[in-house]
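# Notes for the structure review
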Amino acid sequence: ALDGKDGVPSWREYWNPSPPDGDGKSTGKIMTREVADEIKETIVNRYVKQVNSDIKVDLTESQNNALVDLYYRNGASNVAKSGIIELINAGKIEEAAELIKAGGKNGQLIKAGSKVLAEGDKLYEGINNRNNRAAENLLAGLETQDQIQA
């Protein structure tokens, strides 16, 4: 999200690249709460627009929020490669939720530093838990849609 575009600072202002290009450590610069608040809306809107562009079916607020979070955490290209967009657009929400829980096709949704994680890896549990919450929010949206239609 910190890509240096649209008034958003680059992550390199705060963190050095990993070896061999850098030492992978903090630059020492700290983002203030004020700066974070200023760029938050820009970053969120970027992902909201991407979800709205990719998803062609009506979603509940809960489902939409789950996808925005998924896009933010994984990047639009990883979400696109994961297979969930096609499933959601085909109305297969349950299958999309299961695919999110599984980490997407080829592990696209269970990566850290472009490496697909396996159970037992350092960040696996946290990423897996967030994916499970996103899947649960997709499914909860089905219940809301059923209640609205009833």
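The text that follows walks through the structure, step by step, so that each part is easy to find.

Definitions and limits used
Residues numbered from 1 in each chain as written. Predicted model: local features only at pLDDT ≥ 70, side-chain atom pairs only at ≥ 80, totals over all residues. Heavy atoms only, no water. 1 Å grid on protein atoms, 1.4 Å probe; cavity = no way out; pocket = protein on both sides within 12 Å on 5 of 7 lines; lining within 4 Å. Points joined across faces, edges and corners; volume = space filled by probe spheres on them. Helix = DSSP H or I, 4+ residues; strand = E, 2+ residues; numbered from the N terminus. Nonpolar A, V, L, I, M, F, W, Y, C, P; charged D, E, K, R; others polar. Salt bridge = Lys/Arg side-chain N within 4 Å of Asp/Glu carboxyl O. Buried < 20%, exposed > 50% of the residue type's maximum accessible area, 1.4 Å probe, protein only.

## Looking at the layout of surface pockets
- Roughly 580 Å³ of volume is contained in the largest pocket.
- Around the largest pocket sit 15 residues that line it, and Tyr72, Arg73, Lys111, Ala112 and Gly113 are the ones nearest its centre.
- Listing elements by their share of the lining of the largest pocket, those giving two or more residues are helix H2 (61-74), strand S1 (111-112) and helix H6 (124-149).
- When residues in the lining of the largest pocket are grouped by element, the largest group, 3 residues, is from H2.
- Of the residues belonging to the lining of the largest pocket, the class tally is 7 nonpolar, 5 polar and 3 charged.
- If you add up the space inside the second largest pocket, you get close to 250 Å³.
- Looking at the second largest pocket, it is lined by 13 residues, and the ones nearest its centre are Ala36, Lys40, Ile43, Val44 and Tyr72.
- Counting residues per element, the ones that place at least two in the lining of the second largest pocket are helix H1 (33-54) and H2.
- No other element matches H1, which puts 8 residues into the lining of the second largest pocket.

## A look at the pattern of salt bridges
- What the rule picks out here adds up to 6 salt bridges.
- The residue lysine 29 makes a salt bridge to glutamate 13 at a minimum N-O spacing of 2.7 Å. In this pair, lysine 29 sits in the segment before H1 while glutamate 13 sits in the segment before H1, placing the two residues 16 residues apart along the sequence.
- Classification of lysine 29 as partly exposed rests on a relative accessible area of 41%.
- Residue arginine 33 pairs with aspartate 37 through a salt bridge whose shortest N-O separation is 3.9 Å. Note that arginine 33 and aspartate 37 are positioned in helix H1 at a spacing of 4 residues, about one turn of the helix.
- The exposure class assigned to arginine 33 is exposed, which follows from its relative accessible area of 62%.
- By relative accessible area, which is 45% here, aspartate 37 ends up partly exposed.

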